Every structure is written in C-alpha cells, then in structure tokens.
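Read off the chains here:
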Amino acid sequence: MSSYQYRRYPYRRAAELDGTAVRRPVVIVGAGMAGPTLALELAARGVPSVVLDEDDTVSIGSRSICQAKHSLEVWDRFGISQRMVDKGITWEQGEVYLRDRAIYRFNLQPEPGHKFPAFVNLQQYYVEEFLYERCLAEPAIEMRFRNKVVGVAPHADHVVVEVETPDGRYTLEAQWLVACDGVRSPVRHMLGLPFEGEVFHDQFLIADIRLLDELPKERRFWFYPPFHPTNSVLLHRQADNVLRVDFQLGREADAEEEKKTENVDRRLCLMFGPEARWEHEWTSVYTFTCRMMQRFVHGRVIFAGDAAHVVSPFGARGGNGAIADVDNLAWKLALVVAGTAPEALLDSYCSERRAAARENILNSTRSTDFITPKFPASRAFRDATLTLAPDFPFARALINSGRLSVPTQQLESPLDTPDSDGDWVGGPGPGRAMLDAPVGNGWLIDRLGRDFSLLTFGKDDVGTVPSGATAVPITGNGLAWQRYDSRPGTTYLIRPDRYVAGRWRTYDPAAVSAALDRATGRSHA
Amino acid sequence: MTALRRTLNLARPDDVYNAIVDAHKGLSDEQCRDFDARLILLLVNHIGDEAVIREALKEAAAT
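Being a predicted model, the structure only gives us computed values, none of them experimental.

A look at the overall build of chain A
In terms of helices and strands, chain A carries 14 helices and 27 strands. In terms of overall size, chain A behaves like a compact globule, its C-alpha atoms giving a radius of gyration of 24 Å where 525 residues would be expected to give roughly 24 Å. Taking the principal axes of its C-alpha atoms as reference, chain A extends roughly 70 × 65 × 40 Å. Residue pairs in contact within chain A that sit at least 24 positions apart in sequence constitute 71% of those at least 6 positions apart.

Some points on the overall build of chain B
A tally of helices and strands in chain B yields 3 helices and 0 strands. Moving toward the C terminus, one meets the helices and strands of chain B in the order α-α-α. Computed over C-alpha atoms, the radius of gyration of chain B comes to 13 Å, more than 25% over the 11 Å expected from 2.2 N^0.38 for 63 residues, which places it beyond the range of a compact globule. Structurally, chain B occupies a C-alpha span of about 40 × 25 × 25 Å along its principal axes.

Remarks on the packing of helix α10 (residues 376-388) of chain A against helix α2 (residues 29-47) of chain B
Between α10(A) and α2(B), whose axes approach to 8 Å, the crossing angle comes to 60°. Judged on the interaxial angle alone, α2(B) and α10(A) are oblique. With respect to the hand of their crossing, α10(A) and α2(B) are arranged in right-handed fashion. Contacts between α10(A) and α2(B) involve A:P376, A:A377, A:A380, A:F381, A:D383, A:A384, A:T385, A:T387 and A:L388 on the former and, on the latter, B:R33, B:D34, B:A37, B:R38 and B:L41. Looking at the contact of α10(A) with α2(B) residue by residue, the classes come out as 8 nonpolar, 2 polar and 4 charged.

A few points about the packing of helix α1 (residues 34-44) of chain A against helix α8 (residues 318-338) of chain A
Residue and element names in this part refer to chain A. One way to put it is that α1 packs onto α8 with a least axis distance of 9 Å and a crossing angle of 30°. By the angle between their directions, the pair α1 and α8 is classed as roughly parallel. As α1 runs across α8, the sense of the crossing is right-handed. Mapping the contact onto sequence places A34, T37, L38, E41 and L42 in α1 and A322, I323, D325, V326, D327, L329, A330, L333 and A334 in α8. The residue makeup of the contact of α1 with α8, split by class, is 10 nonpolar, 1 polar and 3 charged.

Comments concerning the interface of chain B and chain A
Between chain B and chain A, the contact holds 6 residues from the first and 11 residues from the second. Its residues assigned to classes, the side of chain B that touches chain A comprises 2 nonpolar, 1 polar and 3 charged.

Section: the domain arrangement of chain A
Partitioning chain A into domains gives domain 1 (26-89 + 120-196 + 290-361), domain 2 (201-287) and domain 3 (438-519). Placing the centre of domain 2 of chain A and that of domain 3 of chain A at their C-alpha centroids yields a distance of 47 Å.

Things to note about the sheet that holds strand β7 (residues 119-121) of chain A
Within a beta sheet, neighbouring strands are joined by backbone hydrogen bonds and run either parallel or antiparallel to one another. Residue and element names in this part refer to chain A. Reading across from one edge, β3-β7-β4 is the order of the 3 strands in this open sheet, with antiparallel pairing throughout. Here the strands that pair on one side only, and so sit at the sheet edges, are β3 (66-68) and β4 (89-91). Adjacent strand axes in the sheet meet at a mean angle of 30°, parallel and antiparallel pairs treated alike. Two elements, β4 and β7, share 3 bridges in a ladder whose sense is antiparallel. The partner of W91 across the bridge, within β7, is F119.

Some words on the environment of A:A389
All names here are of chain A. For A389, the location among the structural elements is in the loop between α10 and α11 (393-398). For A389, a count of 21 C-beta atoms within 10 Å puts it in the buried group. Expressed as a C-alpha distance, the spacing of A389 and Y104, which sit 285 residues apart in the sequence, is 7.5 Å. Contacts of A389, omitting those with residues within four sequence positions, involve L98, I103, Y104, A395, R396 and I399.

Examining the nonpolar core
The nonpolar side chains of a soluble globular protein tend to be buried with one another. One finds A:V27, A:I28, A:L38, A:L177, A:V178, A:I302 and A:A304 to be the most contacted residues of the largest nonpolar core, which totals 91 residues. Discounting residues that sit within four places of it in the chain, A:I302 has contacts with A:W176, A:V178, A:F296, A:V297, A:L329 and A:L346.

With respect to the confidence of the model for chain B
Residues and elements named next belong to chain B. In this model, chain B carries an average pLDDT of 95, and 98% of its residues clear a pLDDT of 70 or more. Within chain B, the lowest mean pLDDT, 96, falls on helix α3 (residues 50-62), and the highest, 98, falls on helix α1 (residues 13-24). What the predictor reports for the complex is a pTM of 0.94 with an ipTM of 0.96.

A word on α10(A)
With 13 residues, α10(A) extends 18 Å between its outermost C-alpha atoms, agreeing within 8% with the 18 Å of an ideal straight helix rising 1.5 Å per residue. Buried within α10(A) we find A:A380, A:F381, A:R382, A:A384, A:T385, A:L386 and A:L388. Buried residues belonging to α10(A) abut β5 (93-98), β6 (101-107), β14 (219-223), α9 (345-371) and α11 of chain A together with α2 of chain B.

Overview of α1(A)
Of all the 11 residues making up α1(A), 10 are buried; the element is thus mostly covered by neighbouring parts of the structure. All of the buried residues in α1(A) are A:A34, A:G35, A:P36, A:T37, A:L38, A:A39, A:L40, A:E41, A:L42 and A:A43.

Thoughts on the pairing of strand β24 (residues 452-457) of chain A
All names here are of chain A. Burial of β24 is extensive: 6 of the 6 residues sit out of reach of the surface. The alternating pattern of β24 places F452, L454 and T456 on one face and S453, L455 and F457 on the opposite face, and all of these are buried. Taken together, the 6 bridges between β24 and strand β25 (residues 469-474) define a ladder with parallel strand orientation. Its bridge partner being in β25, S453 is matched across the sheet by T470. Examined bridge by bridge, β24 and strand β26 (residues 491-494) share 4 bridges and lie antiparallel to one another. Bridge pairing links S453 to I494 in β26.

Description of the pairing of strand β1 (residues 24-29) of chain A
Residue and element names in this part refer to chain A. Counting buried positions along β1 yields 5 of 6 residues, so the element is predominantly enclosed. As judged from the 5 bridges shared by β1 and strand β11 (residues 168-179), these two strands associate in the parallel manner. Within β11, the position partnered with R24 by the bridge is A174. Examined bridge by bridge, β1 and strand β2 (residues 49-53) share 4 bridges and lie parallel to one another. The residue of β2 that forms the bridge with I28 is V51. Traced from β1 through α1 to β2, the parallel crossover comes out right-handed.

Observations concerning the environment of A:L398
Of note, A:L398 is situated in helix α11. Along the backbone, A:L398 and A:P48 are 350 residues apart, and their C-alpha atoms lie at a distance of 47 Å.

Calculation rules
- Residues numbered from 1 in each chain as written.
- Chains lettered and ligands numbered in written order.
- Predicted model: local features only at pLDDT ≥ 70, side-chain atom pairs only at ≥ 80, totals over all residues.
- Helix = DSSP H or I, 4+ residues; strand = E, 2+ residues; numbered from the N terminus.
- Rg over C-alpha atoms; globule rule 2.2 N^0.38 Å.
- Contact = placed C-beta atoms within 7 Å.
- Axes fitted to C-alpha atoms, helices over the stretch in contact; angles between N-to-C directions.
- Parallel < 35°, antiparallel > 145°, perpendicular 65-115°, else oblique.
- Left-handed = near helix turned anticlockwise from the far one by under 90°.
- Nonpolar A, V, L, I, M, F, W, Y, C, P; charged D, E, K, R; others polar.
- Domains from an automatic or database assignment.
- Pairing = 2+ DSSP bridges.
- Buried ≥ 20, exposed ≤ 12 C-beta atoms within 10 Å, placed from the backbone.
- Core = buried A, V, L, I, M, F, W, Y, C linked by C-beta atoms within 7 Å.
- pLDDT = per-residue confidence, 0-100.
- Expected span 1.5 Å × (residues − 1).
- Right-handed = clockwise from strand over helix to strand, strands pointing away.

Right under this line is the structure:
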C-alpha cells in the first residue's frame, strides 16, 4: 500500500545476554523522533547511550508530518536538515476556505533572513530514517532494535531495566533512563504514573494518498466544504507527491466503516472529482486527548515527548514539542552525567518543559474548540467569525485552524537572569528562543557553539570569555542588530538549547559568569 | 486601564436600544444566537480594550 520502502534495521544480540553487564550512563526507551535526537545530542557532548526499541523499523504511517523551523535547527547540528528540506515540501503559506470560498491566507514566516523555513512537510518515517542513519554511524550510540522494555525498577542512583529480545531476557543498568516511548508509554505504565487531562470525542479520518496531479504547496483548511458539508477538512502535501487529507467525521462515526477503502474513496471522489486517480498510502481514524504528567522527572527516570505530554494534532505541536523537550534535556543531562552540574538542574527541565507543554496544550485545545465546537454558543461564535472573515480583517485573525508550532516561552525560569538594563524595546528576552539571522556569508545559528554562546555586538575581540561559553562576535550592521535590539556592547548569553539566558547592554565578564553559573544550576543568584 | 463605563454613553438611548431589539425581530432563537455572536465580535473588536471586555464579561455573568 505504501510507496515508502520500510527497511529492517539489524537486530544484534545484546552483550548483557552473555553476562557482560556494565552500568550505562543513559538508556533511552523508544526510537521515534525524540529518542534518537536525544542520543545524538548526548553523543555530541561525549555521553554514550543505548536506545531500546521494540520494533526494527521506522514509524508506520506518515504520522507527524510538519517539521517546524526550530526542529530543523536542532537536526541541522547533525547535518540532516538539508536532506529533510530537499526531500520534503517547504511551505510558509496557508489558505482557509469557508464552503467554496477562500477567506483567509496566512504567511507563517513573513520576514526573510532565516536559514530554515517555517515548516517542511516530511513524513515521520523519513525523519526517523535520517536520524537512525546518523545514530548507527555514531560510535557512542548503541541502537538496539527488537529490544522491548518489560520491567523498570528505579533505585536511588540508577534504574534497572528488564529487556526482552528474540534471544531472551536480560537486565540493563542505567544511571538515567529516559522514556521517549510515546503516548502509551510502557515505562509510565510500569511505574504506575498518572497521565491526566482532557479527552476529545470527535473522530478524524486521515487518508494519505498519492495523486497524479500537482497541487499547490499550501496547507489548506476548509470549513463546511461542498465535498464534506457537515465538517472540516485539512489538506497537506508531503514528500513523494503524497497528500494528507484529514476529514473531520464527528462523534458518531463508525471508525471501522470509515476506514474501508470504498468509503474513503467515496469521500475523496467528492473532493477531487470523478476524473482524479489516486493510490492509498495509509489510512487511519483517530481521536485525541490533551494530557500531561505531573512531573517529567521521577528520580532517575525522565519522560520526554508524547510519553510526558500529548496534544491534539492541530498546530504540529506533538513531534516538534518532543524535539524541543530533548533539546532542553540533552545539555542538562550531559552536565549532570559529567558531574559538572548538580542533579537539581534537571528540575528545570521539568519546570520549563511543563510550562511549554501547558502552552502547547492551551493552543491546541483552543484550535480544537474552534474546529470542533463543543456546545451551541461555541459553534455560533465560530460560525460568526467565519461569516465575518471575508469582509473584516480582524475576524480572519480569529480563525483558529491550528496555531502552528513556534518555540514556546519559558518565562521566569530559575536558570535565566532577568533583564537589569531597563531600556530593551525588542529582541528576545530571557526565556525566549534565540532568533536566526544572516551573519557574514552564513547564518547566526551556524556560528553558535555546542554549549553556551556569547553574542557580542560591535566588538571584534572580547578577550577571554568565561569557560563553557563560545564567543560569537557580531560586527557590521546586518539584520541581527535589529533582531536583537542591539547597540555596540550589547551582549546575549544563549543556552545550548538556543534560549536566551541573559542579556546586557555592556559586556561584563563577571555578570556573564554569574549568569552561566545560574543557567547551569551551580548557583541561584 | 479604562474601567467599564457605568453611566450613560448614548445620545439617543431609546433609539439605540430599540434598534438592537428590532434587529432581532422575526428571527428564530438560533438565528438570534448567530446574529448576537456576529454583533458581539464586531463590537468587541471595536472596543479593543481587553480589560473593559473582561469586566463586561464578568458583569454580564453576574447579573
């Protein structure tokens, strides 16, 4: 059914089966998008890891297809983002239709001057394939396919993991266990941890198909289209000329009936016309929930991605949120494993990423409520918005067919040093993601160090910078100056996950050192 | 922060009041709800002051 060739990744007999057990610094459960990304980030910082996955292939089905700019910036460190851009469909614009009329066009990246576009649509199986390739080439990463976690026993300073393989069971000891094992997280279940939140009952049908006709790159969203007059439809293009068509079915639909090819074809025929021909790639009926764990860190067990929090798909916040999680976690875990930061630094992973998850859940719940109003007055306001949109620009801004993933804000994090110079009128403040900009012949994101980076504006040579930070002098008078609200002397401390930790109007090594200590949990200023 | 105005702000209050009521004449309950939703959105955007809007929401719910 699928045009994608699923390859099988090699299973190898684990050394532990033959009695050679050594405690591993980090064991990662789950080889989806988050697990391998975390493994690569740790390896880049000298921390080896073992990745356990019960399967031996990539994501079945396209699943998370919208790869956001901030995820591409993470993967670019491993040299695979250009492949994703080349393979995928770059899109920045979207169109919203009411019945048969286009009522709203939006541009997600209205300003040029970023290395990566707002979004690249690429099936999850390609993302995972590219990640696996990099992981398999990395000596510090051991990818263990067909290794299923069947037991987890937490201890004060390590975790004992029981693993089932085709050759039998073995136990593995980890200083840290990171569960990136998805929304049904077996690790979370084995530890009996609650996963509370809101359940939504509307059902949606995903039909991934290959059409012969070329279609525009834009994301299209229809409310009440003539071909599906009772509900909404979302259309996305993916690599290999695959289209994702997402039909809202309502609460009462019979999922088994709807999944039948003849019924899917009937809907597609109404949508694309009687002349159109297609092949099916993947069909799925889904409902969704918005849930979040109370804590993402439980002793030596850490949860990330869908295992820790799950949102509705509107806004592309699932996969991209998971990548942001492991980007936040990796550098902290590496410092803790190396003994150069206290374990308490990981508390900030929990607080920062819970704040982000709350923001993602809020946004995606609002989109969901707009797309699937739950009570009559909600529907009346939704329809009023759509009716006013063609003539009133303000109403177009209220149309919420998904507020697409941008880096969340991590305000008031204990790691950040608040602004003390009171004259900032722009630029990303502490707790906000850094902004890319053209610098010289390249990009700012390419100048950043693997660890902390110190952006200094208008200084060729800042002398010795505090250890743990890489100096990135910005000269000239390019766009970066505007984006960072800069004057000569302006200094930004950027965290390894590319959030702003602090900023000053003049470069003061003592202030930067103090901010670095604070950002690594070595002091609470 | 502007507070929600509690004193009269209309030069011809009866005319405005009756214009609103008359606009609903002959509408079904459902049509009224849709009409009111459009009217509220238009006015809310015109007012633009979130504090005033939130105060009005609170007062309308309290009555």
